[in-house]
Structures are given as structure tokens and as C-alpha cells.
Amino acid sequence: MTYSNPSDPSTPTGSPGAGDPHRIAVDYWHPLDDGRLQCDLCPRLCKLHEGQRGLCFVRERQGDRLWLTSYGRSSGFCIDPIEKKPLNHFLPGTPVLSFGTAGCNLACKFCQNWDMSKSREQDTLAERAMPAELADAALRLGCRSVAFTYNDPVSFLEYAVDTAAACREQGVRSVAVTAGYICDRPRERLFGALDAANVDLKAFDERFYYKLCGGHLKPVLETLQYIVRETRVWLEITCLLIPGENDSDAELDALCHWVASELGADIPLHFTAYHPDWKFHSAPPTPGSTLQRARAIARQAGLHYVYTGNVHDPEGGSTWCQGCGALLIERDWYRLGHWGLDARGACSRCGQRLPGVFEARPGDWGARRQPVRLVTQA
Ligand code: SF4
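About the cut-offs
Residues numbered from 1 in each chain as written. Predicted model: local features only at pLDDT ≥ 70, side-chain atom pairs only at ≥ 80, totals over all residues. Pairing = 2+ DSSP bridges. Helix = DSSP H or I, 4+ residues; strand = E, 2+ residues; numbered from the N terminus. Axes fitted to C-alpha atoms, helices over the stretch in contact; angles between N-to-C directions. Near = placed C-beta within 6 Å. Nonpolar A, V, L, I, M, F, W, Y, C, P; charged D, E, K, R; others polar. Buried ≥ 20, exposed ≤ 12 C-beta atoms within 10 Å, placed from the backbone. Arc of directions from axis to C-beta. Parallel < 35°, antiparallel > 145°, perpendicular 65-115°, else oblique. Left-handed = near helix turned anticlockwise from the far one by under 90°. Contact = placed C-beta atoms within 7 Å. Domains from an automatic or database assignment. Core = buried A, V, L, I, M, F, W, Y, C linked by C-beta atoms within 7 Å.

A closer look at the sheet that holds strand E12 (residues 145–148)
Within the open sheet, the nine strands sit side by side as E17-E16-E15-E14-E13-E12-E10-E9-E21. Their pairing is mixed. The sheet terminates laterally at strand E17 (306–309) and strand E21 (370–372), the two strands that pair on one side only. Each strand axis lies, on average, 25° off the axis of its neighbour in the sheet, ignoring direction. Sheet topology note: the strand E10 (residues 95–100)/E12 ladder contains four bridges and is parallel. Its bridge partner lying in E12, leucine 97 is registered against valine 146.

Structure representation (C-alpha cells):
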């Protein structure tokens, strides 16, 4: 059983800790017979004694309940092109207000954002913005969406969900970049609040997840199936290819056939290049030829929209019509070129609809990455 309502009614879920609005009481935990509290937010199921924090470091036991300690605190804000998340079929060309907090519920040795995701330093969280302030800022800055990114929003679920709700009231969409490592009930709450997600499918191999990420593959596959079958969230998938670890023909073939049969051929799949980082330096940077080989395997498996990322590959970065082969959206890194869609988001040559979320015209944000300061310095 998971406790949704605390036994102490003086501290309802979502209430700030005494004098600290950035520390809130949270759901998704239950007491164990040995006196510890088990966090039921992600499949890691941390069992905490008084004063202990979970692996994500931002959820903590104090007294007879669990708390999130990073509510309304961020490692910084930046306006990015939406293609950088990456999302290629969701409001192309538009700016997205991106932010993260600190901490992560996986422990990937090759993490490409380790300075934030693995941070245990509170000074990483120098910027502060409550959900309504974030939504106001996104509107003021002309951003069409807000992205929970840099570290996994599963670890700061309550802050992400409240921000998504505030954004929805203002007509701003919400996007998550996540590993999808989350338990059933909180999964419904997180994805029920979102408009789009890019989920990392780190490998198609339990050994990889266990050895290199400290997690398991099955919950991630369940998250992908849940999003497609039970929600209206626009989904794209990213697979970071690491030479010798997750890039064999057999593994890629199995992954792509699973995506095609379980999720559908129209789900965009991004193969991106790894560079040595954090605690993992035993593999060389991913060559472009590996990404192109993966893309060919995915196309062979029947997937319609397969992209290469972190390399200069205009063909692999662009969108092509499944009906007639026409160039629909030309990309050079994150900059858009030719636009071959009509006002309904269909190929202007043959009329075949492109799956995704499109408007009559693309945005014109370009490839810029613009750091912004929102509210107050800690
Ligand atoms: S969310 Fe954090 S505290 Fe909860 S189980 Fe996962 S890693 Fe542990």
C-alpha cells in the first residue's frame, strides 16, 4: 500500500516545510515493519531511516514522512530550440524554456549532464521560481513550451506537475526529457500533466541497465507502452549509442522491432552520439557511421521517422515524407530550412499527414541557446 495522505493532518501532502517553501511533503511512500519508510516513486524503492536521503538525493525522510527538498529551485534556465530536447515533430522551430533541478533516480556512469544530475551541492540550485512564476516567464519570453530537462523530472515530480498545470492555464505546453524510470501510480500523475515527452531508451538489454545505470529495463518499456496506449502525450524516443555497449546489429534490430510492434512505426526514434563523460571513459566517441548504421537498421525494421543527433548529418536530421519521399522539414543541426508541410501538417506534395503536433507555420527561433534569469537569486 502507498500512503497518499499522511497520517499527520497538520502536514498535508504538498505543504511546505516550516519556513521553507522549497521543501514539501510528498506522496508515494509507505512504512515498513522495520521502521524504515519506502519511497514508491521509482522502481529503486529506497528504504530510508530517519534523516536519510534516497539515491536521487532530493527526496528525504524527516520524521514520519518523505519530503522533496528541491521544489521551486533550479540549476538555471535557458531558452532552447525545441529540436534540442530532441523533439522533431512537436511545434518545430519554436523556443522552449528549459530547466532542471539537481539529482537523478538513475546512476548512469556515462551521464552527459552529470554536473546537475549528480549534484549534491545546494548551490547548484541557485535560481528560484515557483510554478506560476515559471509559467508567467515562459509566456513573457515568447516560449511555446516549458521543458523539464537536464536532470530527470521523476525526481522532482511534484514541482514538474504543478508547473505543467500552471503552464496549461496560460496556454503554454509542457515537455519532459526523462528516462521513464517510474512506478505505476506516479507515472499516471506525471504523464497526465504533460503534452510531450522524449524518453531515453538507453539500451535494449537488462545487463546494460543494471551494470551501467543501476536500474532495470522493464519499467522503462512499461512507461513507453503506457504513454502510447493510455495518454495523449506526444512521444519521441532517444537512444544514446555507446560503442561496444549497446550498438550491436542484433540489439539495435531487437530494439527497433520492439518499437515498431509495441509502439508503432510512426514514433520518432533518435540515435545520438555519446562522448566520454562522468565515470565512463572506456568507450571512444560514437562515430557518425554507427548512427547511420543504426538508422538503416531502424528503417529496415519498418520505423518511419529515424534521426541521427549530436553529429552533422543534414539527411539524418531532416524529416522525409512516408508517402512520396519529399523533404518535409530540413534541419541543419537545430536550424530549420525547407518547410514542406501545408497548414494542416500534411505533405504539401502528396497530402500524407505527418504524425506530431504542428501549426500552420514553423517557429523562427533558430539554433540559439539563450540563458535567462527568471526571478530571484538564492
Ligand atoms: S525517487 Fe529517489 S528516493 Fe524515491 S525510490 Fe527513486 S531514487 Fe529512491
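So that's the structure; there's more coming.
Some points on the environment of threonine 13
Positionally, threonine 13 belongs in the segment before strand E1 (16–17). Sequence spacing of threonine 13 and isoleucine 24 is 11 residues, and the spatial spacing of their C-alpha atoms is 7.4 Å.

A closer look at the site of the ligand
Within the structure, the ligand sits among Cys39, Leu41, Cys42, Arg44, Leu45, Cys46, Gly54, Leu55, Cys56, Arg59, Asn105 and Ser155. The residue inventory of the shell around the ligand, partitioned by class, reads seven nonpolar, three polar and two charged.

Some words on helix H5 (residues 206–213)
When we look at burial in H5, the residues that qualify are Tyr209, Leu212 and Cys213. The arc enclosing the buried residues of H5, seen along the axis, measures out at 100°, which places them on a common side. Seen from the buried face of H5, the exposed residues on the opposite side, beyond 90 degrees, are Glu206, Arg207, Tyr210 and Lys211.

Some thoughts on the packing of helix H7 (residues 249–263) against helix H8 (residues 288–300)
Packing of H7 against H8 brings their axes to within 9 Å, and their N-to-C directions diverge by 45°. Comparing the axis directions of H7 and H8 gives the class oblique. For the crossing formed where H7 meets H8, the hand is right-handed. Contacts between H7 and H8 pair Asp249, Leu252, Asp253 and Cys256 from the former with Ala294, Ile297 and Ala298 from the latter. Split by residue class, the contact of H7 with H8 holds five nonpolar, no polar and two charged.

What about the pairing of strand E15 (residues 234–241)?
With respect to burial, E15 is a largely interior element, eight of its eight residues being buried. Burial of the side chains of E15 extends over both faces: Trp234, Glu236, Thr238 and Leu240 are buried on one face and Leu235, Ile237, Cys239 and Leu241 on the other. Examined bridge by bridge, strand E14 (residues 196–200) and E15 share five bridges and lie parallel to one another. In the strand pairing of E15, alanine 197 is matched with leucine 235. Sheet topology note: the E15/strand E16 (residues 269–273) ladder contains five bridges and is parallel. Its bridge partner lying in E16, isoleucine 237 is registered against leucine 269.

Points about the domain arrangement of the chain
Per the domain assignment, the segments of the chain are domain 1 (16–68), domain 2 (74–313) and domain 3 (318–363). The gap between the C-alpha centroids of domain 1 and domain 2 is 25 Å.

Some details on the nonpolar core
In this structure, Ala138, Val146, Ala160, Val175, Leu190, Leu194 and Ala197 are the most contacted members of the largest nonpolar core, which totals 96 residues. The two domains that each donate at least three residues to this core are domain 1 (16–68) and domain 2 (74–313). Sequence-distant contacts of valine 175, defined by excluding residues within four places in its chain, comprise Lys85, Leu87, Val96, Ser145, Val146, Ala147, Leu194, Asp195, Ala196 and Ala197. Core analysis: the next-biggest nonpolar cluster, separate from the first, contains eight residues, Cys321, Leu336, Leu354 and Phe358 among them.

Looking at the sheet that holds strand E4 (residues 37–39)
Judged by pairing direction, the sheet is antiparallel, and its three strands sit side by side in the order E3-E4-E5 without closing on themselves. The outermost strands of the open sheet, each flanked by one partner alone, are strand E3 (29–31) and strand E5 (47–48). Pairing of E3 with E4, which is carried by three bridges, proceeds in the antiparallel orientation. Paired with proline 31 across the strands is leucine 37, a residue of E4.

Some details on unusual backbone geometry
For the bond running from lysine 85 to proline 86, omega is -5°, close enough to zero to count as cis. Mapped onto the fold, proline 86 is located in the loop between strand E9 (76–81) and E10. Of note in this structure, phenylalanine 57 is not a glycine but carries a positive phi near 70°. For phenylalanine 57, a count of 18 C-beta atoms within 10 Å corresponds to the partly exposed category.

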